[in-house]
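Chain by chain, the residues run as shown.
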Amino acid sequence: MVARTHLLVVIVAVALVGLPVVAAVESPQSASTALDDDALQATNTTQSSTVADQHPPDPAADVLGWEAGYWYNESISVTPADGLNDSELDAVVARGMARVEQIRRIEFEEQPPVEVISRSAYEDRVSNDTSSMTDAQRLHQNVKYEALLMVNESTDATAVQADNQAGGVGGFYDPSAGEIKIVSENTSTPKMNEITLSQELFHALQDQRFNITSYNQSTQELHNAKDGIIEGDGNYVDHLYQQHCENEWEGSCLMPEGSQVPSDFQPHFGLYQIRLQPYSDGPPFVKEIREEGGWEAVNAVYENPPASTEQTIHPEKYPEDVPTNLSVSDRSDDRWRVLALNGSHNYATFGEAGLYVTLWYPTFEERLPPDQAIIPLVNHINYGSDGGVQEFDPHNYNHSYTAGWDGDKLVSYVTNESSETNETGFVYKTVWDSTEDAAEFRAGYQRLLEIRGAEAVEGRLGTWRIPDSTEFGDAFYLNQSGKTMVIVNAPNVEEISAVRAGAAPEGERTATTESGGGDGTNVVTSTDGPGFTVLGAFAGLLALAVTFIRRR
């Protein structure tokens, strides 16, 4: 399903290996960007470009900018202060459809049903979705985010994602039923946010015209990649819709003040930022395509959607630079086996966006100053010429540690006891555009291990151990060979070679060059970005990041 909350944040729920996962997004809304001329053109030339005081005549046939008796620019009789009754909701939905058509220049095939549900009903829905997960599916989720060193093995990663989802969704489109659900604390007379509604209406329109449910979004990377067009287009339309509401539609849009998100909503910010990427990089990706070739060029992208988050982080790589399709050979002993997921993919991919957040997140979580960070906090923020955060493209996912990504695949390993002990392992293979790119990521991940308390294991090449007394207590083996970098994980050093034969070999560690090509201990730590050298200034930026979650 496609879900949304409008804070400056969008949260999207979609099925990923049996689990509804969350994508958090800062909604790109900039009143300073010039309005698009063709979006201002009236479908009926007799219409005024301002909101009409009277109900204009209906057209002889359905046309762009008119739906179910309402033109995009006419006034409707509603009393938003006391919420919307059924007839008022119908009018708002019909005019919202007309406005989406007028902006995006695509006709709805049919009107999707819109229902208002309570927050508790939505939380029950999320709980029911996750309650049916198998032990293997839960283990897979745990392994994935333990590999990124974001969720430790004693924490249920499924529950973390469910909490992210349940607390922050303001509405969603359910393609299986073709229905829109708006989440509200007041279901009898809901106070509708028209921008939230427009997002879900556009998702219904996408489903009707572009068959977006046919996309393969079975991994986090594939999900974010395809959302580069799904949510990139959706949030660009939202951006234009917001501009109209602040200009020629001023005073007619339903935009209640305050947030519908519970005051105690505290998402896991690392997982949240991974899923935010298509919402931040997607709108400028779509905008550039539209400026070069019009809406028809954007429509064509649906036939060839982005193949990776790399293609929206670096739009010049779309569509030619496709990722390498990796295979990971099984070299485990008889005790360890690849986790079977009964028909679902038994692997994960995170892409450039996921690996960027992996190396950035400790800076946020630990409040590290730039000289101790892998990727400084401020590298993740796009600032405008006025010194403020860019609202249309607020986040940057480009850094030298992860630029040059060309493919990744993580395979989970378990034993017969893993369901009870939660002791797991993994083999995570990544490939890069060059040996230097692979070395730089290796250095970054090694630094991540150090931040989590890892120490080099004497007498073992490329082997690291995080003490069991800490939250990520495990053993890790890092091996770079040319453009390929492999990470092997196991509960202890002795088990690493059981998960993957040949890993963690005995030998003396040697000095590494700055490129990181060997199995030494040197790490290049990035200190780029604005000079937040004191913790107090860093804390201020941290507060700014949290504000993105809270603001509506």
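This report concerns the structure included in the present document. Small disclaimer: the values here were computed from a predicted structure and weren't measured. (Residues numbered from 1 in each chain as written. Predicted model: local features only at pLDDT ≥ 70, side-chain atom pairs only at ≥ 80, totals over all residues. Heavy atoms only, no water.)

**Focus: the packing of aromatic side chains**
Aromatic ring pairs are defined here through the distance separating the ring centres and the angle between the ring planes.
In step 1: Within the structure shown, the criterion is met by 16 aromatic pairs.
In step 2: Both rings, one in Tyr 241 and one in Trp 249, keep their centres 5.5 Å apart while their planes meet at 75 degrees; by these two values the pair is edge-to-face.
In step 3: Judged by relative accessible area, Trp 249 falls into the buried class, the value being 1%.
In step 4: Members of the aromatic cluster, connected to one another through ring pairs, are Phe 269, Tyr 272, Trp 360, Tyr 361 and Phe 364.
In step 5: Above the face of the Trp 249 ring, Arg 99 is positioned so that its terminal group lies 4.2 Å from the ring centre.
In step 6: Positioned above the aromatic ring of Tyr 347 is the side chain of Lys 409, whose terminal nitrogen or guanidinium carbon lies 4.4 Å from the ring centre. (Phe/Tyr/Trp six-rings, centres within 6.5 Å; stacked < 30°, edge-to-face > 60°. Buried < 20%, exposed > 50% of the residue type's maximum accessible area, 1.4 Å probe, protein only. Lys NZ or Arg CZ within 6 Å of the ring centre and 35° of its normal.)

**Looking at unusual backbone geometry**
When glycine is set aside, most residues are seen to have a negative phi, and most peptide bonds are trans.
In step 1: Geometrically, the link from Tyr 318 to Pro 319 is a cis peptide bond, its omega value of -5 degrees lying close to zero.
In step 2: Looking at where Pro 319 falls in the secondary structure, it is placed in the loop between α9 (310-313) and β9 (337-338).
In step 3: Of note, Ala 68 is a non-glycine position whose phi angle comes to about 50 degrees, a positive value.
In step 4: Relative to the assigned elements, Ala 68 resides in the loop between β4 (66-67) and β5 (70-71).
In step 5: Residues other than glycine seldom take positive phi values, yet Ala 504 does so here, at roughly 55 degrees.
In step 6: Looking at the element boundaries, Ala 504 is found in the loop between α13 (493-499) and α14 (535-550). (Helix = DSSP H or I, 4+ residues; strand = E, 2+ residues; numbered from the N terminus.)

**Quick look at the nonpolar core**
In step 1: If you look at the biggest cluster of nonpolar residues, it comprises 49 residues, and the most contacted ones within it are Trp 360, Phe 426, Tyr 445, Leu 449, Phe 476 and Ile 487.
In step 2: Looking at this core element by element, the count peaks at eight residues for helix α10 (residues 351-366).
In step 3: Counting 48 residues, the second-largest nonpolar core is a separate cluster that includes Ile 76, Met 192, Tyr 318 and Phe 392. (Core = buried A, V, L, I, M, F, W, Y, C linked by side-chain atoms within 4.5 Å.)

**Some words on the pairing of strand β7 (residues 171-174)**
In step 1: Here β7 shows two buried faces, one formed by Gly 171 and Tyr 173 and the other by Phe 172 and Asp 174.
In step 2: Summarising the sheet, β7 and strand β8 (residues 179-184) pair through four bridges and their orientation is antiparallel. Across the sheet, the residue bridging to Tyr 173 is Ile 180, located in β8.
In step 3: Once β7 ends, the chain turns through four residues before running back antiparallel as β8, passing Gly 178 with a positive phi of about 65 degrees. (Pairing = 2+ DSSP bridges.)

**Quick word on the environment of Asn 396**
In step 1: Mapped onto the secondary structure, Asn 396 falls in the loop between α10 and β11 (405-414).
In step 2: C-alpha separation for the pair Asn 396 and Ala 353, spaced 43 residues apart in sequence, amounts to 9.7 Å.
In step 3: Ignoring any residue separated from it by four or fewer positions in sequence, one finds Asn 396 in contact with Tyr 356, Asn 379, His 380, Ile 381 and Asn 382.
In step 4: Of note is the side chain of Asn 396, whose polar atom sits 3.0 Å from the backbone oxygen of Asn 398. (Contact = heavy atoms within 4.5 Å. Polar contact = N/O pair within 3.5 Å; in protein donor to acceptor, adjacent residues only side chain to side chain.)

**What about helix α3 (residues 119-131)?**
In step 1: With 13 residues, α3 should cover 18 Å at 1.5 Å per step; its first-to-last C-alpha distance of 18 Å lies within 8% of that length.
In step 2: Residues of α3 that are buried: Arg 119, Tyr 122, Val 126 and Thr 130. Seen end-on, α3 carries its buried residues on one side only, within an arc spanning 75 degrees. When the buried face of α3 is taken as reference, the exposed residues oriented beyond 90 degrees from it are Asn 128 and Ser 131. (Expected span 1.5 Å × (residues − 1). Arc of directions from axis to C-beta.)

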